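Each chain, letter by letter, is given below.
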Amino acid sequence: MRRRLIAGNWKLHKTRAEAVELAQAVAEGMKELPDVDGLVAPVSLSLAAVAEAASGSRLQVAGQHAHSENKGAFTGELSPALLKDAGASHCIVGHSERRSLFGETSEHTQAKVQALLDEGLTPILCVGERLDEREAGKTLDVVLEQLRIGLAEAGGREVIVAYEPVWAIGTGKTATPADAQAVHAAIRTALGELKAGAPDAVRVLYGGSVKPANAADLLAQPDIDGALVGGASLDAESFLAIMRA
Ligand code: PEP
């Protein structure tokens, strides 16, 4: 019922030419994978070139970040309208690096989710606990609060959620499939309470050191609908191997 989605977050990696080459290789490989959706989030400056390279294929393109306003005196920012104009269909919101390094709060994510939806883009809202929060037994408190605030103004519009335990991002550590499934199931229950889209239709991705070697076990869980992949998305073969899983 929910199509699998494998999304790559390229963060601050790849020149424009490298990004185009990688997108072309992923789009080409996806021809053999009709049952899985694919999406990449390049550096903003490469987004239009990557979208052009992906046009005519099933590979979709996302922003990594957007401001909640479409214009104004916001030096250095980029807007949902500009992302759309450049060819994006989605945008990552509330990634833990935005929260921890750039001061993005759940209130910011709420405004961004609303602005993206108003512009017809699909937000990918990232939620996840830090290691100290997990060790204090607060995983669900933290994750569900980020979810409730982030999606408070989403109404019934299409959103994607990515559960990314902060301690698993870029560290090589992964939540066990059973631990991840437990959080995903709690997220799905909360989506029902929030009336954020049809809860059975919202895709909830897992992120945090997903690799070809661990993807199949994670993706076998009933409430894990795909993956948000950082490091392993920077190489076409490893990204496509996760898609095949
Ligand atoms: C991410 O940045 O969203 C991520 C999951 O990174 P990695 O796969 O490298 O842990």
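Residues numbered from 1 in each chain as written. Predicted model: local features only at pLDDT ≥ 70, side-chain atom pairs only at ≥ 80, totals over all residues. Heavy atoms only, no water.

Novice: Could you clarify how one ought to interpret the side chain of N9 in this entry?
Specialist: Here N9 shows up in strand β1 (residues 4-9). Note on N9: relative accessible area 6%, which makes it buried. Looking at N9, its side chain comes within polar contact range of the main-chain nitrogen of K11, at 3.0 Å. (Helix = DSSP H or I, 4+ residues; strand = E, 2+ residues; numbered from the N terminus. Buried < 20%, exposed > 50% of the residue type's maximum accessible area, 1.4 Å probe, protein only. Polar contact = N/O pair within 3.5 Å; in protein donor to acceptor, adjacent residues only side chain to side chain.)

Novice: Explain the packing of aromatic side chains here, please?
Specialist: Given two aromatic rings, their pairing is described by the distance between the two centres and the angle made by the two planes. Per the counting criterion, the structure on display carries one aromatic pair. Its end group placed over the ring of F102, R98 keeps NZ or CZ at 4.2 Å from the ring centre. (Phe/Tyr/Trp six-rings, centres within 6.5 Å; stacked < 30°, edge-to-face > 60°. Lys NZ or Arg CZ within 6 Å of the ring centre and 35° of its normal.)

Novice: Help me out: how do you make sense of the layout of surface pockets in this one?
Specialist: Over the atoms rolls a probe the size of a water molecule, and its path tells where empty space is left. Its boundaries defined by the atoms lining it, the largest pocket holds a volume of some 370 Å³. In terms of lining, the largest pocket is formed by 14 residues, of which the most central are K11, L12, Q64, R98 and F102. Among the elements that make up the lining of the largest pocket, the one with the highest residue count is helix α4 (residues 96-102) (four residues). Grouping the amino acids of the lining of the largest pocket by side-chain chemistry returns six nonpolar, five polar and three charged. (1 Å grid on protein atoms, 1.4 Å probe; cavity = no way out; pocket = protein on both sides within 12 Å on 5 of 7 lines; lining within 4 Å. Points joined across faces, edges and corners; volume = space filled by probe spheres on them. Nonpolar A, V, L, I, M, F, W, Y, C, P; charged D, E, K, R; others polar.)

Novice: What should I look at first to understand the sheet that holds strand β5 (residues 122-127) in this one?
Specialist: Adjacent strands of a sheet pair through backbone hydrogen bonds, lying either parallel or antiparallel. In spatial order, the strands read β1-β2-β3-β4-β5-β6-β7-β8; together these eight strands close into a barrel with parallel pairing. Between one strand axis and the next, the sheet turns through 25 degrees on average, direction left out of account. Relative to strand β2 (residues 36-41), β1 runs parallel, the two sharing six bridges. Bridge pairing in β2 places G8 opposite V40. Lying on the sheet, helix α1 (residues 16-30) is in contact with β2 and β3 (59-63); it crosses β3 at an angle near 140 degrees. Each of β5, β6 (160-163) and β7 (203-207) is contacted by helix α8 (residues 177-194), which is oriented at about 150 degrees to β7, the strand it contacts most. (Pairing = 2+ DSSP bridges. Axes fitted to C-alpha atoms, helices over the stretch in contact; angles between N-to-C directions. Contact = heavy atoms within 4.5 Å.)

Novice: Hey, could you run me through the environment of E52 in this one?
Specialist: Within the element layout of this structure, E52 appears in helix α2 (residues 47-54). A C-alpha to C-alpha distance of 8.8 Å links E52 and A86, two positions 34 residues apart in sequence.

Novice: Just checking my understanding: could you explain the pattern of salt bridges for this structure?
Specialist: It is possible for side chains bearing opposite charge to pair when their charged atoms get close. According to the stated counting rule, one finds 17 salt bridges in the structure shown. Put simply, R2 and D223 hold a salt bridge, and the shortest N to O gap is 4.0 Å. Of this pair, R2 sits in the segment before β1 while D223 sits in the loop between α9 (212-219) and β8 (226-229), and the two are 221 residues apart along the sequence. Comparing R2 with D223, the two get one shared label, buried. In this structure, R3 and D37 form a salt bridge, with 2.8 Å as the shortest nitrogen-oxygen distance. Within this pair, whereas R3 is found in the segment before β1, its partner D37 is found in strand β2, the two being separated by 34 residues in sequence. With relative accessibility at 15%, the residue D37 sits in the buried group. (Salt bridge = Lys/Arg side-chain N within 4 Å of Asp/Glu carboxyl O.)

Novice: Help me out: how do you make sense of the pairing of β1 in this one?
Specialist: A regular strand places its side chains so that they alternate between the two faces of the sheet. By the criterion of burial, β1 is predominantly enclosed, with five of the six residues buried. Viewed along the sheet, the connection from β1 through α1 into β2 turns out right-handed. Inspection of the sheet shows β1 paired to β8 by four bridges, in the parallel sense. Looking across to β8, one finds that G8 is bridged to V229. (Right-handed = clockwise from strand over helix to strand, strands pointing away.)

Novice: Could you clarify how one ought to interpret the site of the ligand in this entry?
Specialist: Close contacts around the ligand come from 14 residues, with K11, E164, G170, S209 and G230 the closest. Between K11 and the ligand, the recorded distance is 2.6 Å, taken from a side-chain N or O atom to an oxygen atom. Separating an oxygen atom of the ligand from a backbone N or O atom of G231 is a distance of 2.9 Å. For the ligand, whose unbound accessible area comes to 300 Å², protein coverage reaches 96%. (Near = heavy atom within 4 Å. Areas by Shrake-Rupley, 256 points an atom, 1.4 Å probe, with all protein chains shown as cover.)

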